[in-house]
Structure formats: C-alpha cells, structure tokens
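Structure assessment
Given next are the chains, with one letter for each unit.
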Amino acid sequence: MIRGGKSFVSSPPAFSNDAKKLLVCTGDTVSIFSTATGLQISELEGHTALVTSVIVVPAPTPASRILCYCWTTSLDGTIKYWDFSVPELMKTINIQLPIYSMVIPSLLSQRSENDVKSPDIYAYVSVEDTKNEQNKQRKELSGQILKCNLSKSRLVRGVILTESKKPENITISSTGKYFGIHEKCQLRIWEVPAKDLKNITHRKLKLSHTKNLSCLAFHPTERIVAAGDVTGRILIWRGFGGKTFAGDNSANGRLLMDEDDKPGVRGDGDADSCTTWHWHSAEVKVLFFSSDGAYLYSGGKEGVLVVWQLDTGKKKFLPRIGTRLLHFLNSPDPSLSSISCADNRIHILKTPSMEILKSISGIKLPSPVPETFRDLCNDFVFDHTAGLVAVRTENYCIQFYSLFDDREISEVQVCERNHQPSDDVTIILNLVALSFEGSVMCTVETRMAEEGIGGFITLKFWECGSQNSDFSLSTVIYEPHREAAVSAIAFHPTRGMAVSASYGGDFKVWVGNCESQQNDKLIQRTRWACHAVGSYRKKPMTAAAFSSDGSVLAVAAETVITLWDPEKNVLVAVIGSALESIVNLSFIGESNFLVSASHGSRPQLAVWSMSKLSISWSYKLQTEAVACSQKDSLLAVLAVLPESYKGQEHDKTTLHNANGVILLFNAGDPIPIASWFVTKAKGGGLAFIQSRSSGDNMDENDLLAYVNGDHEYAVFNPHGAEMYERKVRHKDSISGEEGTGNFGYASMYGKLPLTELKLKAIEASSVMPSERAWESIFSGPSHSLPPLTKLCSTFLESFMEKRSVTMVE
Amino acid sequence: MAVDDRSEAIVKTFAVKPKLKPTTNKSTPTPESKYWKSFKPKQTQTLVSSITSLAFSPTAPHDFAATHSATVTVFSSQTLEPKSTIAAFKDTATSACFRSDGQLLAAGSYSGLIQVFDIKKRSALRRLRGHSRPVHFVSYPRVDKLHLFSGGDDAVVKYWDVSSEISIHNLIGHKDYVRCGDGSPVSDDMFITGSYDHSVRVWDVRVSSDTSMLNINHGSPVEDVIYLPSGGLIATAGGNSVKIWDVIGGGKLLHSMESHNKTVTSLTVGKIGQDSGDFTNQYRILSVSLDGYLKVFDYSKLKITSSIRFPSSLMSVAFSPDCSTRVIGTSNGILYAGKRKTEETVGSVKSEWGKYVGFGAIDEPEKRVLRPSYFRYFHRGQSEKPSKGDFLIMRSKKVKLAEHDKLLKKFHHKEALVSALRAKNPENIVAVMEELVSRKKLLKCVSNLGVDELGLLLGFLQRYSTMPRYAGVLIAFAKKVVESRADDITGSEELKSHIRNLKRSVMEEIRIQQSLQEIQGIISPLLKIAGRR
C-alpha cells in the first residue's frame with residue numbers, strides 16, 4: 001500500500017541547525033526535505049496520528065550544528081525524540097492526551113554556565129483534555145496548557161497553566177523567556193523562570209484587545225509582542241510585563257513611572273505602549289520577527305508578505321504569492337526562510353531579496369466551490385496508465401500529481417487569469433476529463449455572471465505533445481451548450497472523440513481532426529469540432545460514458561439511459577429507469593454491464609446488463625465514486641455511510657471514525673468481494689490504476705487508488721489480503737540528498753578543482769622548497785595588496801625561477 | 001492598497017485577453033496555389049462575344065490569338081494589348097492554331113471554311129474547303145508544317161495537305177459533331193479527336209484505313225481533349241468531369257475528376273515555372289468550366305491543387321509555353337489575361353546596384369582594437385549569434401501589459417475601464433468588462449463613471465451592443481447602464497443623443513431578429529422533413 005498526498009502545511013515546519021534540511025509535518029510522519037533541491041530526503045515514521053509540531057534541538061555552538069535531534073508531538077498523545085539524520089527514534093513520552101502544540105523554553109535560553117548536572121528539560125504542551133469528559137463538558141473548557149518534564153518523561157502533576165475552550169497554539173519568544181497564547185480577544189503571556197523547576201509559580205499577564213486575535217509573535221531581544229487580529233490589524237505592545245515580570249528586587253520607582261501614561265494600552269494591560277498598524281484587509285495569519293528584531297513579517301489571506309520596519313513602520317512587500325499564507329519561518333542561516341502557503345506549498349525564500357529559491361509542493365487541497373456549483377464539479381480525475389491524478393486547484397490550474405512518487409509532476413494553467421486569494425470565487429473550473437491514454441485533456445470552466453451580465457461556459461481541449469509532458473491548448477469552445485451547464489465529459493477509448501452532456505437537454509460529440517501545417521516546420525495540431533448533437537425528449541443529460549471498445553455511447557437522460565452509436569449518431573436503445581437522476585455512468589471493463597449511480601433522496605447504485613437491456617442488480621447506496629477496472633470485470637464503489645449507521649455501530653475498533661466504505665464487486669454478482677472502511681469519504685474518489693511494475697509479471701492486477709476528501713490518498717492491491725505498507729522512496733531524490741550549499745563563486749561556477757592545486761603545490765615544493773611566492777603573493781584582501789604592476793613582476797619571477805630549477809634538475 | 005511592482009511576483013501575470021475568434025478552417029495557401037494565384041488576371045478590353053478559342057504562338061514572344069465572333073485577334077503577350085485583327089471570316093471564327101514556327105495561323109469557321117493566314121500580313125494564304133458544316137477544330141501537328149487536321153459538325157475528321165489545299169484523308173467514325181482534338185506531342189502522325197457522340201478517337205494517318213486506332217467512351221459529349229506532355233496519357237473534358245486515360249495501355253481510365261459543377265469547356269496543360277521551389281517543371285491540367293472556376297489538377301498525385309473563381313462562365317483557357325502568361329476567355333467576351341510577375345526584373349536591378357557599389361572606392365573600415373576607452377568596448381559580444389551546437393537558454397517571455405492591465409493589477413477598476421474605452425479596441429473593452437464581471441466590480445464602475453466617461457461608454461455600447469460577437473454581454477450591460485444612470489442621462493443633452501442612437505440600433509436589431517425568426521419558421525419544417533427521410 002502506498003500512502004501519500006499529505007498536507008505539508010498543517011503545522012509550521014522547522015529548519016535543521018545547518019539550514020540544509022526542512023522538517024515538515026506531513027500527516028502522521030515528519031518528512032525531511034533538502035532546502036537546496038526541494039526534494040524529500042527521509043521521513044520520521046512512528047506517530048499514529050497527525051503530527052502537530054516539530055522542534056529541532058538548537059545547537060549552542062557552531063561545532064554542534066551537525067547534531068540532528070528533534071522533538072515531535074502528535075495527536076496520538078505522544079512526544080517523541082528523534083535523531084533525524086539517521087533517522088532513528090530515541091525516546092517516546094506518552095502523556096495520553098492529544099497534543100496540539102508544544103514549546104521547550106530551556107532549549108532556547110543560552111546556558112552560559114556549563115552545568116555538570118544538566119537540569120531537567122521542561123516543555124509546555126497545549127493539550128485537549130479528553131480524559132474526564134463529564135467534567136469538561138460541563139465547563140466547556142477542553143484546552144489546557146500543561147507542563148511536562150521531558151527528562152523524566154512525565155507530566156508535572158498539578159500544574160495547569162490555563163484552560164481554554166479549545167487547545168491553542170503556543171508561541172514562544174526566540175530567547176525562550178516568554179511564551180504565550182492568544183485566546184479570543186486576549187493575549188496570555190507567561191514568563192519562563194530562569195531556573196525551571198518542578199513546582200515553580202509562573203508569572204503571567206494578559207493583554208486585551210477589542211477584536212479576536214489570530215496570531216502573535218515575540219520580539220527576539222526586547223520586550224515587544226505583536227499580535228494580529230481578524231480584521232487585519234497588527235498590534236504591537238512595547239515593554240510588556242514591566243510590572244509583572246520586573247522581578248521582586250528591581251524598580252518600584254519604575255512601576256510608579258509607568259502608571260501615568262500608557263498610550264494605546266487597553267484596560268490594565270501591563271505594557272508601556274500599544275501601537276496599531278493596519279494594512280491587511282483580512283485576518284492576519286502570519287507574524288514573525290526577523291532574527292535581529294528590526295523587521296516584522298506579516299501575511300494573511302491576501303497572499304502578500306509584508307515586511308515592516310519595526311521602528312518606522314515602513315513597509316516592503318512580496319506581493320502575489322497567490323494563496324493564503326499560513327506560516328513564516330526563519331532559518332539559522334540568515335539568508336533562508338520559508339513560507340507555508342494554503343495551497344499545500346512551502347516556498348523557500350532568500351531573505352533580503354525575497355526571491356524564491358525552491359518550492360516544495362504537495363497535492364493541492366480541495367478548492368472551495370459555491371454551493372450552487374457543488375454538483376457540477378468533479379474534483380479530480382485519474383490517469384490510469386501513468387498513475388497520475390489531476391487535481392483542480394484554486395488558481396485555475398490543473399495539477400498533475402504522481403500517486404506512486406507522491407509528488408507534483410506538472411501544472412497546467414487552464415484559465416489565464418490573475419488569481420487573488422481574497423476575492424470571491426467567480427470562475428470555476430468545473431470538469432476535467434482525461435483521454436484514456438492521457439494525451440488529451442478536456443476542461444470546462446464557468447464564469448459566473450454579475451447580475452446577469454457576462455457569464456459564460458467554456459469548453460477547452462488540451463493536447464499533450466509527444467516529447468514534453470506539458471499540455472497545450474488545442475481548441476476553445478465558448479458556450480458549448482448555449483447557456484446550459486455541462487454535466488459530464490467522456491472520452492472515446494481509442495479514437496479522438498469526446499462527448500459532452502449538458503443539462504440543457506442535449507449532448508454533443510466532438511471529434512479531433514488532425515491537420516499538419518508546414519510553413520516552416522511541421523506542426524501537428526488537432527482541431528476539435530462538433531461531430532453530432534443528440535437529445536432525448538429534451539431531458540437534461542446528466543452523465544455519459546463510452547463502452548470499452550467505443551462502439552456504444554451511453555448517455556443518461558435523467559432517470560433513463562439512452563444508448564447511441566457515436567459514429568452515426570443513432571439512438572440504439574433506451575434502458576429502464578432509475579429512481580433518481582443518474583449522476584454517474586460507466587461501462588464495466590470488457591463485460592457487458594453498465595453501472596449507474598444516482599444521488600438524491602433515494603440514492604441508488606444499479607448495474608445494468610447490456611445483453612438483456614435490463615437491470616441486473618441494484619443497491620440503495622449513497623455513492624461518492626464508482627471505478628471500473630479495464631481488464632477484469634471489477635467494480636469498486638465508494639459509498640458514504642449514512643448517519644443512522646453511525647449510531648448503531650457495533651464494532652468501534654474497525655469503524656473508528658470512518659464515514660465511508662469501499663466495496664469491490666464482480667460485475668455480475670451483487671455480493672461484494674471485499675470491503676474497506678475509509679475516513680473522509682465525502683468528496684473522495686476512486687480509480688483502478690495500472691501498477692508500475694508491469695515488466696516482470698504482466699498479469700498483475702490493477703491497483704486501486706483512493707483519494708479522500710482532503711486529497712490524501714492510498715494505492716493498494718484490491719486482491720492482496722496483506723496490507724503491507726510500501727515505502728515511498730524516490731530513486732532520484734537520493735541524488736538530491738544533502739544538497740551542498742554553495743556561496744559566491746562556487747555557487748556560480750562550481751567548486752574549484754582543489755586536488756589539482758594541491759598536486760601542483762606538492763610538486764613545486766619538492767623542486768623548490770624555499771620560496772613559493774605564487775601561492776602567498778595574492779593572498780589577503782585586495783585593498784591591502786601592493787599595486788598589481790609591482791606584484792606581477794615578482795609573480796612571474798617566481799614562476800621563472802621554478803622553471804629554471806626544474807631545468808637544472 | 002499599493003503593492004509595488006518592483007519585487008518579483010511568484011505568480012505569473014496574465015494580461016486580460018479577449019475571447020478568441022473562430023479561425024477559418026481553410027489552411028494556409030500552399031506554395032503551389034500561391035503560384036497559380038500569382039497570375040493576376042488583368043481584364044483587357046471586352047471583345048464582342050464569346051471567346052471560342054485561345055492559342056499561344058510556340059515561338060519566342062509567345063503572342064496569343066483569340067477567336068471571337070467573326071474575327072481572330074492576336075494579342076501581344078508582353079503588354080496584353082491587341083496587336084492585330086484578322087476579320088476575313090464570313091461566320092463565327094473557331095479554333096485558331098499557330099504553326100510550329102509561329103509564322104502561320106490556321107482558323108476554322110462556322111461556314112465550314114478553314115483558312116491559313118500569314119500573321120504579319122493578315123491575308124489568307126490558303127482556303128481549305130471540304131467541310132460541309134461548321135468547323136470547330138483545326139490543328140497543326142506539333143512539328144509538321146505542311147499538314148493540318150480538322151473536325152466539323154459533319155462528323156468527319158479531315159487530314160489536309162496545306163500547300164495543295166487537298167484533304168488527304170477523310171476519317172470517318174464519329175457519329176456526331178466533332179468539337180475538339182489535339183495532336184500527339186510525340187508523333188506528328190497521330191492525333192485525337194473528341195465528339196458529341198461521347199467518344200474520343202485516336203487516329204494515325206500512317207495507317208490509312210480511315211478508321212480510328214482506338215475509341216474511348218467518355219460518357220458525355222466531349223468538349224475538349226488534350227494530350228498530356230508524355231504522349232501516353234490524354235485528358236478529356238465532357239459534362240462535369242475531366243477524365244484521364246492511358247492511350248498506350250489501350251484506353252484505360254486512370255482517373256475521373258469531378259469537381260466542376262457545370263460543363264467543363266476547355267482544358268490545357270500548364271507548367272509550373274522555374275522559380276517555384278519543389279514543383280519546378282511539373283505539369284498540371286488546367287480546366288475551366290461554365291461554373292466560372294479554373295481548377296488546377298495535379299495528375300501525378302490525382303489531386304486538385306488550386307481552384308480560382310471567376311465571375312462569369314469560362315469558355316477557353318491557354319497557358320504560354322514560357323509559363324509567364326495565362327489567358328482565360330469567357331462567354332461574354334471578357335478576356336482574363338494574367339502575367340506572372342517574375343523576380344528577374346527585381347533581381348536585375350539589385351545586381352546592377354551591387355555593381356555600382358562595387359565600383360565605388362569605399363573600403364570596409366579597418367576594425368580597430370577595442371579598448372575600454374571606446375564605448376563599443378562595453379558592448380562587445382552582445383550581438384553575438386549562437387553557433388549551431390550551442391544550447392540556448394531562452395529568457396522567459398515578458399508579458400506585455402496594456403494600460404488597463406496595469407490599472408487592473410492595482411485594483412483601479414474604473415480607470416481600467418475608461419482606459420480600455422479610450423483605446424477603442426472593442427475586443428479589449430469587452431475583455432476588460434468580463435474581467436470586471438469576474439471581480440464583481442462592473443456595475444460599481446458604472447456608477448462611478450463621470451458624465452463624459454459615461455458618454456464614452458454609451459457611444460461604445462451604441463456601436464457594438466448589437467454586434468453578435470459582443471451582444472451576449474453588452475445587451476444586458478447596456479440595459480443595466482441605462483437603468484442605473486437614468487438621472488445623469490436625462491441631465492445631459494449629449495448623453496441623450498447617445499441614448500437616441502442606442503435606441504435606433506436596438507430597434508434595428510429587433511427588426512433583424514424578427515426577420516430571422518420568420519426565416520427560421522420557414523426553414524424548420526423543411527429541415528424536419530429532410531431529417532425524416
């Protein structure tokens with residue numbers, strides 16, 4: 001079984017100490033990427049639920065930079081300690097509560113005195129208290145911040161710093177002195193005691209605001225905290241905790257001084273001043289101080305990274321990143337930083353120039369679709385032969401993602417429009433279809449009208465060149481079915497033919513005509529033109545499919561299925577009626593069965609026999625997806641379990657939180673061969689895919705690929721009883737491992753041939769041990785060297801001397 | 001929101017693009033059809049009536065003769081102007097034919113008399129009497145200067161000795177009018193004739209049996225027949241079809257070209273000239289028909305390579321042996337004579353100019369060594385061309401942004417609309433409107449427009465809103481604009497006049513739509529019936 005398609009941006013990533021690796025939380029694993037190549041190096045596997053945070057143990061001295069240890073937390077209630085260079089699990093702490101966030105202050109604070117007995121390491125974890133449910137349900141406070149002794153692998157008993165409605169993310173200052181959370185309109189900040197012990201009181205303060213806060217950041221050196229709110233304002237409190245954290249011995253006088261004026265500070269917040277910056281038009285999601293504290297980075301829904309000069313409030317922008325920003329992170333290398341974007345992509349930035357060096361992109365997440373268009377969209381299609389899934393993205397692209405390699409192959413811009421992530425959705429990529437061999441793609445996009453003006457539908461055919469894998473636009477058809485929306489597209493299995501069915505009551509058969517132009521070079525291109533139009537009693541056509549040999553075209557006209565000869569456009573037969581409007585039709589492989597699925601109040605999965613032209617068997621099932629294998633007469637169905645089923649669940653362990661089931665049928669037989677329970681089935685997809693290792697055994701069965709509603713996927717052999725997990729290892733990424741960071745000269749021209757130089761040097765020394773002027777003569781900074789005219793003669797001289805010596809010998 | 005454009009954007013920028021226009025299905029003209037189109041038909045003076053035949057002189061200036069009514073007119077092929085006229089006919093002249101040296105011209109007539117003229121003196125040297133009915137075809141053999149063959153409506157084909165004015169052979173075999181014929185390019189003793197009895201006969205005067213060597217049935221009255229240059233193939237025209245036969249192989253039908261819609265009246269062999277690439281010195285069949293089309297047929301590939309339409313019925317066609325002139329005669333006396341523009345003239349001018357420069361004592365300035373003190377030093381190597389083996393790294397193409405694109409990028413929506421309106425390109429204006437629609441800002445823009453800008457918009461709407469390409473967007477939009485800005489419109493006289501114009505164009509559109517609906521009403525039952533069949 002191959003799993004993949006995890007979200008890279010569920011929680012902030014972390015840089016390794018040498019900034020050559022990026023640790024990204026991907027589902028229940030942590031993937032390690034090389035920042036130089038952007039490819040995956042290795043993976044930390046061990047957690048059984050979503051990994052929520054990863055903390056790299058920082059290196060106090062430059063020498064220890066190679067140390068690769070990290071802590072990870074997960075919703076499975078464990079904290080794990082890893083050596084990620086190997087990678088190897090070193091320690092597991094089970095605290096049995098789902099952990100949402102963790103900070104370890106003692107790792108950050110510089111321990112100047114080298115204590116022989118190293119003190120216990122304490123961590124602060126944000127957990128969801130699921131243990132005593134009755135108690136918590138009453139109080140409705142399930143989020144807690146607890147203290148954990150990592151050295152002794154246990155929670156510090158009795159220390160509950162705060163309780164909140166839901167678990168909050170903890171943010172820590174880079175010195176490790178303060179950490180805080182935001183909850184509704186308040187910031188809560190704790191001071192970490194200098195000597196962290198088991199039962200020490202934590203001094204804390206609250207800062208309040210009128211709006212809900214969304215993020216916060218601490219200044220690396222000064223007592224400044226910045227917070228962003230849901231309206232896009234950034235609040236900066238300077239000198240917070242003057243009273244609270246001031247310490248017992250110091251400054252009662254200062255306390256008095258602060259009393260009188262605290263501009264902008266609301267209520268009795270303990271801060272010297274509070275200023276507000278407002279540029280963002282929507283919620284601020286990213287706040288981050290640069291490592292020297294001079295700049296503040298902020299970002300949010302607009303997809304613009306704003307760099308604020310902290311003293312003056314001047315702004316610089318990195319505009320049009322294209323999606324919402326989620327996390328920003330600085331690396332130990334001052335020239336590298338990373339942005340995590342909502343489209344499941346992590347950009348590695350060169351900091352001062354804000355250039356993008358590399359992008360690590362995962363599978364695109366489902367893009368939001370307005371409710372009225374929900375039924376008209378298919379989220380993804382599969383390329384059976386290449387093992388690809390084509391996902392439509394928010395910015396009007398189609399992303400091709402390899403299921404076997406778990407990475408992006410290419411991206412096709414379907415609609416050439418500048419995407420603003422904060423805009424309302426007005427253009428929707430409705431449908432995507434790929435031809436059987438994957439060389440032709442058909443897309444449908446809908447532009448919504450503004451008060452009845454200017455909405456239209458476009459059908460586009462794309463062709464894939466034989467050499468390069470990129471699709472290029474072949475034909476554009478505006479309003480293929482007048483005003484009516486397109487309900488389905490299907491490709492002929494062997495010929496260049498496609499059918500589009502519409503709710504307007506007709507379907508059109510499109511045929512690609514090859515033509516070659518020969519003005520300067522032979523350009524083969526295909527034009528797609530309408531070959532035939534058909535309709536059946538003016539009923540909306542809701543689904544379409546070609547039979548596996550392409551001789552029959554089945555089009556569903558609401559509840560009945562009409563069968564056509566696609567060449568001659570003649571109605572061959574009409575088969576019986578389903579209960580509700582059919583939304584999905586497909587022929588089952590070579591067998592003469594046809595499967596139809598309908599939604600609605602009386603959902604139905606029906607298999608029709610083509611030889612008898614009648615229903616063979618049917619189920620009352622809410623089907624989400626139907627897949628038919630090409631070779632065998634197998635049929636896989638992804639069905640959503642009804643809500644009522646959940647109530648009477650008998651076996652808690654198997655069902656877990658599954659809300660769907662995959663059923664595998666033999667076409668003629670209504671009894672399923674196999675079934676699997678799956679999670680997040682809503683909006684999921686299913687397909688049979690050719691397995692890759694076709695070289696050794698040809699009769700290997702097709703694999704079944706399941707993509708869930710969050711675009712996580714699994715590929716497995718439907719016949720194999722054992723569900724062994726195959727490692728996804730990229731052969732080619734090994735080479736990209738440990739990309740060496742080159743700077744300056746080396747990055748442009750590569751390394752100088754060092755060995756050669758050495759050889760020469762040795763040779764020379766054997767000849768002339770006394771003087772090696774040519775080696776030392778140009779060393780040193782150029783401004784301190786004598787003028788070149790002077791140097792040159794000595795330099796040449798040295799060579800000549802050497803030569804003469806060799807001559808003598 | 002002022003985001004500076006200086007820093008690099010991660011996302012590609014797209015300019016607002018108008019909807020694509022449907023491209024014509026017609027492919028770009030092939031070099032060959034370009035060649036045939038390059039004979040620009042120049043309409044010469046209108047002759048009196050239908051041009052029954054056209055013939056080129058086989059010798060150098062390649063003058064050509066046209067027969068029409070009772071005259072033969074000789075035209076110069078250089079100027080395409082008439083040189084001389086021979087009017088010694090009692091009835092309609094037919095089938096002019098030059099002798100192989102170009103000195104003499106033979107022509108038949110409806111009176112049955114065949115006359116041989118001296119081109120220079122325009123006097124009839126010989127009169128060949130023998131045909132009792134109109135003569136439609138007279139021809140010299142290709143080389144032979146002493147004989148003629150002719151055919152007439154009396155269904156007899158005669159072979160004449162010109163000097164003695166005696167018919168040597170009376171070849172009988174056709175059962176109807178003989179209308180056409182051609183001498184073999186390989187033998188002066190062989191020729192073919194075509195007749196209205198649907199048959200084409202091959203004659204050989206060496207076999208004096210008075211019967212034809214070969215009889216080919218074309219299937220319809222034969223209007224014209226020619227030998228193809230190899231001498232082994234003949235092409236016959238009759239009815240709507242042109243057929244190619246293998247005479248050596250016993251009269252086997254090779255191909256039938258059926259692309260004319262009316263009777264094919266004349267055929268000739270055309271040759272593609274020197275300067276046309278791959279096709280140099282290939283032969284084509286040129287056929288003209290009453291449907292007004294000239295078709296060029298490649299009989300090696302059995303494909304029509306060019307098709308040119310003329311406004312009237314075509315009667316005759318001729319192509320000069322030097323490939324420079326093509327003449328087509330019509331039924332109403334118009335002569336389309338086209339000369340191909342040769343590049344020789346252009347080339348000669350160029351070479352002369354080159355000589356002129358060469359004589360001048362201007363030497364190439366000696367290249368100085370580049371030093372940093374020269375400005376050129378800093379530009380050295382910038383215009384270097386890549387050599388063949390070099391791997392080219394293309395600079396990514398810069399997206400050209402129009403002013404409205406830049407404004408849209410800055411979210412200045414109204415300014416973008418106004419700037420597009422000022423630029424006056426309707427496609428771009430509609431594209432900007434569509435972009436604004438997808439930002440849901442179009443109506444907001446309209447409400448923000450000033451009075452003069454509104455005038456601009458109304459002027460645009462008035463002109464384009466009934467155009468079918470834009471009507472889908474603009475009609476609904478025009479309605480909204482008028483509704484939302486009614487107050488401003490009533491306040492301004494200028495806007496009122498715009499509205500008046502708009503109303504007029506809308507009324508006209510309604511009329512058009514109504515008449516279209518009427519037509520649809522007429523057609524749709526017909527289509528239904530046709531579909532039922």
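Please read these numbers as outputs of a predicted model, since none were measured by experiment.

1. Points about the overall build of chain B
A tally of helices and strands in chain B yields 10 helices and 28 strands. Taken over 533 residues, chain B has a buried fraction of 46%. Taking all contacts inside chain B whose residues are at least 6 apart in sequence as the whole, residues at least 24 apart take part in 47%.

2. Some remarks on helix α5 (residues 426–438) of chain B
Residue and element names in this part refer to chain B. Over its 13 residues, α5 extends 18 Å from the first C-alpha to the last, a length consistent with the 18 Å expected when each residue adds 1.5 Å. Within α5, 11 of the 13 residues are buried, leaving the element largely enclosed by the surrounding structure. K440 sits one or two positions beyond α5 and adopts a positive phi of about 60 degrees.

3. Observations concerning the nonpolar core
Residues and elements named next belong to chain B. Within the largest apolar cluster, 35 residues are counted, with the highest numbers of intra-cluster contacts made by M433, L457, F460, L461, L474 and F477. Breaking this core down by element, the ones donating at least two residues are α3 (403–409), α4 (413–423), α5, α6 (442–448), α7 (451–464) and α8 (468–484). Of the residues forming this core, the biggest block, 7 residues, is contributed by α5. In this structure, L457 is in contact with L421, M433, V446, L449, F477 and V481, ignoring residues within four places of it in sequence.

4. Some thoughts on the pairing of strand β22 (residues 284–289) of chain A
All names here are of chain A. Pairing analysis gives 5 bridges linking β22 to strand β23 (residues 295–300), with the strands arranged antiparallel. Opposite L287, over in β23, you have S298 as the bridge partner. If you look at the hairpin formed by β22 and β23, you'll find 5 residues sitting between the two strands, and G293 has a positive phi there, around 80 degrees.

5. Section: the interface of chain B and chain A
With 34 residues of chain B at the interface, the matching set in chain A holds 31 residues. Both faces considered, chain B and chain A share a buried interface measuring about 3200 Å² in area, 57% of it formed by carbon and sulfur atoms. If you look at where chain B meets chain A, you find 3 salt bridges. Close ionic contact of A:R417 with B:E435 constitutes a salt bridge, the shortest N to O distance being 3.1 Å. If you look at where chain B meets chain A, you find 5 residue pairs in polar contact (both at pLDDT 80 or more). Among the secondary structure elements, those contributing two or more residues to the side of chain B that touches chain A are α5, α6 and α8 of chain B. When residues in the side of chain B that touches chain A are grouped by element, the largest group, 5 residues, is from α5(B). Residues of the side of chain B that touches chain A, tallied by class, amount to 16 nonpolar, 6 polar and 12 charged.

6. Overview of a nonpolar patch on the surface
On the surface, B:I512, B:L516, B:I519, B:I522, B:I523, B:L526, B:L527 and B:I529 cluster together to form a nonpolar patch covering roughly 760 Å² of accessible area. By secondary structure assignment, the location of B:I512 is in helix α10 (residues 493–532).

7. Notes on the side chain of B:H68
Among the secondary structure elements, B:H68 is positioned in strand β3 (residues 64–68). A residue is classified by how much of its surface remains accessible, and B:H68, at 4% relative accessible area, is buried.

8. Considerations on the side chain of A:H711
Residues and elements named next belong to chain A. Tracing the sequence through the fold places H711 in the loop between β56 (703–707) and β57 (713–716). On the basis of relative accessibility, which here comes to 0%, the residue H711 falls in the buried class. Of the polar contacts made by the side chain of H711, one reaches the backbone oxygen of K364; its length is 2.4 Å. Once residues lying within four places of it in the same chain are set aside, the contact partners of H711 are G5, I363, K364, L365, P366, D379, F380 and V391.

9. Points about the pattern of salt bridges
This structure, assessed with the given rule, holds 28 salt bridges over all chains. For B:R485, the salt bridge identified is with B:D488, shortest N-O distance 2.9 Å. Overall, the relative accessible area of 31% leaves B:D488 in the partly exposed class. Here the salt bridges share partners, and the residues they tie into one network are A:D343, A:R345, A:K364 and A:E411.

10. Structural notes on the domain arrangement of chain B
The domains assigned to chain B are domain 1 (31–339) and domain 2 (404–531). On a C-alpha basis, the centroid separation for the pair domain 1 of chain B and domain 2 of chain B is 60 Å.

11. Things to note about the sheet that holds strand β34 (residues 427–434) of chain A
Residue and element names in this part refer to chain A. Sheet architecture is open: 4 strands sit in the order β34-β35-β36-β37, paired in antiparallel fashion. Looking at strand neighbours, the two that pair on one side only are β34 and β37 (471–478), the edges of this open sheet. The mean inter-strand angle of the sheet, taken between neighbouring strand axes irrespective of direction, is 25 degrees. For β34 and strand β35 (residues 440–447), the ladder comprises 7 bridges, and the chain directions are antiparallel. Residue pairing for β35: L429 is matched across the bridge by E445.

12. A short note on the packing of α4(B) against α7(B)
Residue and element names in this part refer to chain B. Interaxial distance between α4 and α7 falls to 10 Å at its minimum, and their mutual angle equals 55 degrees. Here α4 lies oblique to α7, going by the angle between them. Here α4 runs over α7; the crossing is left-handed. Judged by residue contacts, K414, V418, L421 and R422 of α4 engage E453, L456, L457 and F460 from α7. Class assignment of the residues belonging to the contact of α4 with α7 gives a composition of 5 nonpolar, no polar and 3 charged.

13. Digging into the UniProt feature "repeat: WD" (unreviewed entry) in chain B
UniProt feature "repeat: WD" (unreviewed entry): in the numbering of this structure it lies at residues 128–170 and 171–213 of chain B. Taken end to end, residues 128–170 of chain B is 0% helix and 53% strand, and its two terminal C-alpha atoms sit 13 Å from one another.

14. Some details on the sheet that holds strand β2 (residues 51–56) of chain B
Residue and element names in this part refer to chain B. With antiparallel pairing, 4 strands are arranged side by side in an open sheet as β2-β3-β4-β5. Each edge of the open sheet carries a strand with a single partner, namely β2 and β5 (82–86). Going across the sheet, the axis of each strand differs from the next one's by a mean of 20 degrees, ignoring polarity. Pairing analysis gives 4 bridges linking strand β4 (residues 71–75) to β5, with the strands arranged antiparallel. From the neighbouring strand, V72 faces β5, where its bridge partner is I86.

15. Digging into the confidence of the model for chain A
All names here are of chain A. For chain A, the average pLDDT comes to 78, and 80% of its residues sit at 70 or higher. Across chain A, element-level confidence peaks in strand β40 (residues 497–502) with a mean pLDDT of 92 and bottoms out in helix α6 (residues 731–735) with 35. Below pLDDT 50 for its whole length, residues 803–809 participates in 2 contacts with residues either more than four positions away or in separate chains.

16. Points about unusual backbone geometry
Only a minority of non-glycine residues have a phi that is not negative, and only a minority of peptide bonds are not trans. Even without being a glycine, A:Y396 presents a positive backbone phi close to 60 degrees. Topologically, A:Y396 is positioned in the loop between β31 (388–392) and β32 (397–402). The backbone of B:H62 sits at a positive phi, close to 55 degrees, despite the residue not being glycine. By the secondary structure assignment, B:H62 is in the loop between β2 and β3. On the basis of relative accessible area, B:H62 is assigned to the buried category, the value being 9%.

17. Section: the environment of A:A294
Residue and element names in this part refer to chain A. Topologically, A294 is positioned in the loop between β22 and β23. Taking the relative accessible area as the measure of exposure, A294 reaches 30% and is therefore partly exposed. On a C-alpha basis, the gap between A294 and L310 in space is 5.6 Å, while along the polypeptide they are 16 residues apart. Setting aside its immediate chain neighbours within four residues, A294 contacts W308, Q309 and L310.

18. Focus: the packing of α4(B) against α5(B)
Residue and element names in this part refer to chain B. Put simply, α4 and α5 touch, their axes get as near as 9 Å, and they point 165 degrees apart. Between α4 and α5, the angle is such that the two are roughly antiparallel. Like other packed secondary-structure pairs, α4 and α5 cross with a definite hand, here left-handed. Residues H413, A416, L417, A420 and L421 of α4 lie in contact with α5, whose contacting residues are I429, V432, M433 and L436.

19. So, the state of the cysteines
All chains considered together, the criterion is met by 0 disulfides over all chains. In this structure A:C70 is not part of a disulfide, and its nearest cysteine sulfur, from A:C68, lies 8.9 Å away.

Rules behind the numbers
- Residues numbered from 1 in each chain as written.
- Chains lettered and ligands numbered in written order.
- Predicted model: local features only at pLDDT ≥ 70, side-chain atom pairs only at ≥ 80, totals over all residues.
- Heavy atoms only, no water.
- Helix = DSSP H or I, 4+ residues; strand = E, 2+ residues; numbered from the N terminus.
- Buried < 20%, exposed > 50% of the residue type's maximum accessible area, 1.4 Å probe, protein only.
- Contact = heavy atoms within 4.5 Å.
- Expected span 1.5 Å × (residues − 1).
- Core = buried A, V, L, I, M, F, W, Y, C linked by side-chain atoms within 4.5 Å.
- Pairing = 2+ DSSP bridges.
- Buried area = accessible area lost by both parts, 1.4 Å probe.
- Salt bridge = Lys/Arg side-chain N within 4 Å of Asp/Glu carboxyl O.
- Polar contact = N/O pair within 3.5 Å; in protein donor to acceptor, adjacent residues only side chain to side chain.
- Nonpolar A, V, L, I, M, F, W, Y, C, P; charged D, E, K, R; others polar.
- Patch = residues over 30% accessible without salt bridge, like charges linked within 9 Å, V, L, I, M, F, W, Y side chains within 5 Å.
- Areas by Shrake-Rupley, 256 points an atom, 1.4 Å probe, with all protein chains shown as cover.
- Domains from an automatic or database assignment.
- Axes fitted to C-alpha atoms, helices over the stretch in contact; angles between N-to-C directions.
- Parallel < 35°, antiparallel > 145°, perpendicular 65-115°, else oblique.
- Left-handed = near helix turned anticlockwise from the far one by under 90°.
- UniProt positions renumbered as here; feature names shortened; annotations may be inferred.
- pLDDT = per-residue confidence, 0-100.
- Disulfide = S-S within 2.5 Å.

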